Amino acid sequence: MTMEGTMHQRHFMTRKKQRRILWGWINETDTENDDLAKGWASLQTIPRTVLFDNKTGTNILQWPVEEVESLRLNSTDFDGVLVEPGSVVELDIGTATQLDIFADFEIESLGSEETNETDEGCRTGGAVERSSWGPFGLLVIADQTLSELTPVYFRLANSSDGDLKTYFCTDERRSTKANDVFKLVYESQVPVLDDEKHSMRVLVDHSIVESFAQGGRTVISSRIYPTEAIYGAARLFLFNNATGVNVKATLKIWQMNSAFIHPFPLDQMQ
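Quantities reported herein were computed from a predicted structural model and do not represent experimental measurements.

Here is what the cut-offs are and how they apply
- Residues numbered from 1 in each chain as written.
- Predicted model: local features only at pLDDT ≥ 70, side-chain atom pairs only at ≥ 80, totals over all residues.
- Heavy atoms only, no water.
- Phe/Tyr/Trp six-rings, centres within 6.5 Å; stacked < 30°, edge-to-face > 60°.
- Lys NZ or Arg CZ within 6 Å of the ring centre and 35° of its normal.
- Core = buried A, V, L, I, M, F, W, Y, C linked by side-chain atoms within 4.5 Å.
- Buried < 20%, exposed > 50% of the residue type's maximum accessible area, 1.4 Å probe, protein only.
- Helix = DSSP H or I, 4+ residues; strand = E, 2+ residues; numbered from the N terminus.
- Contact = heavy atoms within 4.5 Å.
- Salt bridge = Lys/Arg side-chain N within 4 Å of Asp/Glu carboxyl O.
- Pairing = 2+ DSSP bridges.
- Axes fitted to C-alpha atoms, helices over the stretch in contact; angles between N-to-C directions.

Thoughts on the packing of aromatic side chains
Geometrically, a pair of aromatic rings is defined through the distance of the ring centres and the angle of the planes.
(1) Moving on: The tally for this structure, following the rule as stated, stands at 8 aromatic pairs.
(2) Moving on: Pairwise contacts between aromatic rings join W63, F102, F212 and W254 into one cluster.
(3) Moving on: Taking NZ or CZ as reference, K38 lies 5.0 Å from the ring centre of W40, over its face.
(4) Moving on: Lying across the ring of W254, R72 places its NZ or CZ 3.7 Å from the centre.

In structure tokens form, the structure reads like this:
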């Protein structure tokens, strides 16, 4: 089980459905004065089930609990969207502040250059550092001019044995114009089996981005502070910063309702 981001967690087993549930708590990365001004700090993540990955035999999977699907509203499908090297493609879904995104990516080598980049992962240059095989993925909570954006993406690199190694990453460095916010690039290596596409699920909720790669083998949680990409100004894009591959993306995207929290009925307990 690989987790990245600003999150603390604990888990428990449910009796009725026999599920192991993980509860997460996302820290703030702005200043203490900001927390005092708004009167609260930190947020709860979507609860996640924890399962063994039978396909790899070596991984633990995290996945949003099925109850979150009850918040889905209308959905939009995109099939085989071509994203050429160095390009950005807007996905016309309207407001993009509360989303449940499923995305599969297929890569096609253009065979135009050597693929001899060293294995440096994502942390050195983030989403703007180009290589033959990436990065490519989504720009979430972005404004129309891309002055604010949060890339969630894959980056492939050559390994010492000649195979391709896959990293799953989130780059917060352009997520906000606000000052005094701690912004990082998160990365984790994720197994992608021979019969699998590069796949991600991303839950977007205004200032929280929870990203799940390859069915939950790797999870990244980010707390961001947009100033431009808020409410109706938030947009969603595909991007491909690779130099040597075309990317085709297939997506299903739900607009999400807000959760309505009801007090626990303590008076009904026996």
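Considering the nonpolar core
(1) Moving on: If you look at the biggest cluster of nonpolar residues, it comprises 37 residues, and the most contacted ones within it are I101, F105, L138, V140, L236 and L251.
(2) Moving on: Top contributing element to this core by residue count: strand β18 (residues 245-256), with 5 residues.
(3) Moving on: With residues near it in sequence (within four places) discarded, L138 still touches I101, F105, T150, P151, V152, M200, V202, L236, F237, L238, F239 and L251.
(4) Moving on: Residues L149, C169, V185 and F237 belong to the second largest nonpolar core, which totals 12 residues.

Focus on the pattern of salt bridges
(1) Moving on: Applying the stated criterion across every chain, the model contains 18 salt bridges.
(2) Moving on: Note that D100 and R72 form a salt bridge whose closest N and O atoms lie 3.1 Å from each other. You can see D100 sitting in strand β9 (residues 98-109) and its partner R72 sitting in strand β7 (residues 72-83), a full 28 residues away along the chain. Comparing D100 with R72, the two get one shared label, buried.

Structural notes on the sheet that holds strand β13 (residues 185-189)
(1) Moving on: Within the open sheet, the 6 strands sit side by side as β8-β17-β10-β11-β12-β13. Their pairing is antiparallel. The sheet terminates laterally at β8 (87-90) and β13, the two strands that pair on one side only. Strand-to-strand twist in this sheet, taken as the mean axis angle between neighbours without regard to direction, amounts to 25 degrees.
(2) Moving on: The pairing of β8 with strand β17 (residues 235-240) spans 4 bridges and is classified as antiparallel. Paired with V88 across the bridge in β17 is F239.

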